[in-house]
Amino acid sequence: MKRPNGWCDYHERMSRVTAYLHDHLAEDIRLETLAEVAHLSPYHWHRVYHALSGETIAQTLRRLRLHRGTGYLANTALPVLEIARRCGYPNAQSFTRAFRQAYGMAPSEYRERGSHVDFQAGGATPEAVGHAVEVRTLPPMTVAGFDHRGSYMLIGKAFESAVAHLWSAGLVRADSRWLGEYFDDPFAVPEAQLASRAGLSVPAEAAVPPPLVRWEMGGVECAVLRHRGPYATMRSAYQWLYGHWLVQSGREAADAPVFEEYLYNPRDTAPADLLTDICLPLAA
């Protein structure tokens, strides 16, 4: 469809804003700068952003910064002060206040007893607290989105861009499924070289316009581990799935990448209540 002169793709412009946020979380971000990124009037761009995203820029920034912070707390031994600075907070106190408001506990407490700790305990502890694995055949799905290169913690940037392009193409539906596919082990491959892709399910007959990428997923039997909690703390769940469940199951992993389905929207769901299905394809 040919667009008329003067056509303004607001979804695409707001995706530029969120991409900028992902790349500059540790910095002091000014509204005037984001208006320039969106190439829209500083008087109006934030109203558009709020209407389309359902949250203010301040809410988006807090969500993204705390998401990154949970990853550092769960997967590194960095001091809280250093984590605060890497997440754009001027000091540990301001980071702690924001973290406690979102997670109901201080960062140091989360490091000791967050959802990731269940899996780090090893053995059957995750099953005891409700993290059982279900083996089931998942339906084939057509997915459209973007490739992502780099830290898996930063794949949200690819999701934001994919959603903006899919909205513009009229391919986001009420039953769209949010899916991420992960090709490498972050313990074996340098972070900058990690390969993944993020997208939404689309009808099999849908025409997917460039620069979106189209691929197929599912249609195979999978071991599905439902993870509750922040996305950034799932590394321990993966370690348990491969190191405990798989080796004791007698099953073999198929020659296909692991993928995740995100069941709730992080914009309107508390981090502790997020549900993610980690899907490990199994050989027949």
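Please read these numbers as outputs of a predicted model, since none were measured by experiment.

A. How the structure looks around the overall build of the chain. For the chain, the helix and strand inventory stands at 11 helices and eight strands. Within the chain, buried positions represent 46% of all 284 residues. Expressed as a percentage of contacts within the chain between residues at least 6 apart in sequence, the contacts between residues at least 24 apart total 70%. For the chain, the accessible area works out to roughly 14,400 Å², and carbon and sulfur atoms hold 52% of it. For the chain, the distance from the average site of its 28 positive side-chain charges to the average site of its 31 negative ones is 6 Å.

B. Broad picture of the pairing of strand E2 (residues 141–149). With seven of its nine residues buried, E2 lies for the most part within the structure. Bridge count for E2 against strand E5 (residues 213–217) is five bridges, and the pairing is antiparallel. Each bridged residue has a counterpart across the sheet, and for Gly145 the counterpart in E5 is Val213. In terms of strand pairing, E2 meets strand E4 (residues 195–202) through eight bridges, oriented antiparallel. Bridging from a neighbouring strand, Asp147 pairs with Arg197 of E4.

C. Representation of the environment of Pro42 in the model. Tracing the backbone shows Pro42 in the loop between helix H2 (31–38) and helix H3 (45–53). By relative accessible area, Pro42 is classed as exposed at 55%. Sequence separation between Pro42 and Ser53 is 11 residues; the distance between their C-alpha atoms is 17 Å.

D. Expanded view of the confidence of the model for the chain. Averaged over the chain, the pLDDT score is 90; the fraction of residues at 70 or greater is 93%. Mean pLDDT across the elements of the chain bottoms out in helix H9 (residues 125–128) (53) and peaks in E4 (98).

E. Seen up close, H3. Among all positions of H3, only Trp45, Tyr49 and Ser53 are buried. Taken end-on, H3 shows its buried residues confined to a sector of 45°, consistent with a single buried face. Every exposed residue of H3 that faces more than 90 degrees away from the buried side is listed here: Arg47 and Ala51. Here the buried face of H3 lies against helix H1 (10–23), H2 and helix H4 (57–75). Positioned one or two residues after H3, Gly54 has a phi angle of 80°, which is positive.

F. Molecular detail of the pattern of salt bridges. Within this structure, the stated rule accounts for 18 salt bridges. Where Glu32 meets Arg30, a salt bridge forms, and the shortest distance between an N and an O atom there is 3.8 Å. Look at Glu32 and you get partly exposed, because its relative accessible area is 44%. Taking relative accessible area as the criterion, Arg30 reaches 49% and is therefore assigned partly exposed. Arg251 is paired through a salt bridge with Glu221; the nearest N and O atoms lie 2.7 Å apart. With Arg251 in the loop between helix H11 (235–249) and strand E7 (258–262) and Glu221 in strand E6 (residues 221–228), the pair connects residues that are 30 residues apart, well separated along the chain. Given a relative accessible area of 31%, Glu221 falls into the partly exposed group.

G. Representation of the side chain of Glu181. Within the secondary structure, Glu181 sits in strand E3 (residues 178–182). Taking the relative accessible area as the measure of exposure, Glu181 reaches 5% and is therefore buried. A distance of 2.8 Å separates polar atoms of two side chains, one belonging to Glu181 and the other to Arg197.

H. Representation of the packing of aromatic side chains. Considering all chains together, one arrives at 10 aromatic pairs under this definition. Here the aromatic cluster, defined as three or more aromatic residues joined through ring pairs, consists of Tyr89, Phe95, Phe99, Tyr103 and Tyr110. Above the ring of Phe187, the side-chain terminus of Arg235 is found at 5.1 Å from the ring centroid.

I. Molecular detail of the packing of H1 against H2. Remark: H1 packs on H2, axes separated minimally by 8 Å, with the N-to-C direction vectors making an angle of 130°. As far as their axial angle goes, H2 and H1 are oblique. Crossing hand, H1 versus H2: right-handed. Contact residues: H1 offers Arg13, Met14, Arg16, Val17, Tyr20 and Leu21, while H2 offers Thr33, Leu34, Val37 and Ala38.

What counts as what
- Residues numbered from 1 in each chain as written.
- Predicted model: local features only at pLDDT ≥ 70, side-chain atom pairs only at ≥ 80, totals over all residues.
- Heavy atoms only, no water.
- Helix = DSSP H or I, 4+ residues; strand = E, 2+ residues; numbered from the N terminus.
- Buried < 20%, exposed > 50% of the residue type's maximum accessible area, 1.4 Å probe, protein only.
- Contact = heavy atoms within 4.5 Å.
- Areas by Shrake-Rupley, 256 points an atom, 1.4 Å probe, with all protein chains shown as cover.
- Lys, Arg positive; Asp, Glu negative; His and termini not counted.
- Charge placed at Lys NZ, Arg CZ, Asp CG, Glu CD.
- Pairing = 2+ DSSP bridges.
- pLDDT = per-residue confidence, 0-100.
- Arc of directions from axis to C-beta.
- Salt bridge = Lys/Arg side-chain N within 4 Å of Asp/Glu carboxyl O.
- Polar contact = N/O pair within 3.5 Å; in protein donor to acceptor, adjacent residues only side chain to side chain.
- Phe/Tyr/Trp six-rings, centres within 6.5 Å; stacked < 30°, edge-to-face > 60°.
- Lys NZ or Arg CZ within 6 Å of the ring centre and 35° of its normal.
- Axes fitted to C-alpha atoms, helices over the stretch in contact; angles between N-to-C directions.
- Parallel < 35°, antiparallel > 145°, perpendicular 65-115°, else oblique.
- Left-handed = near helix turned anticlockwise from the far one by under 90°.

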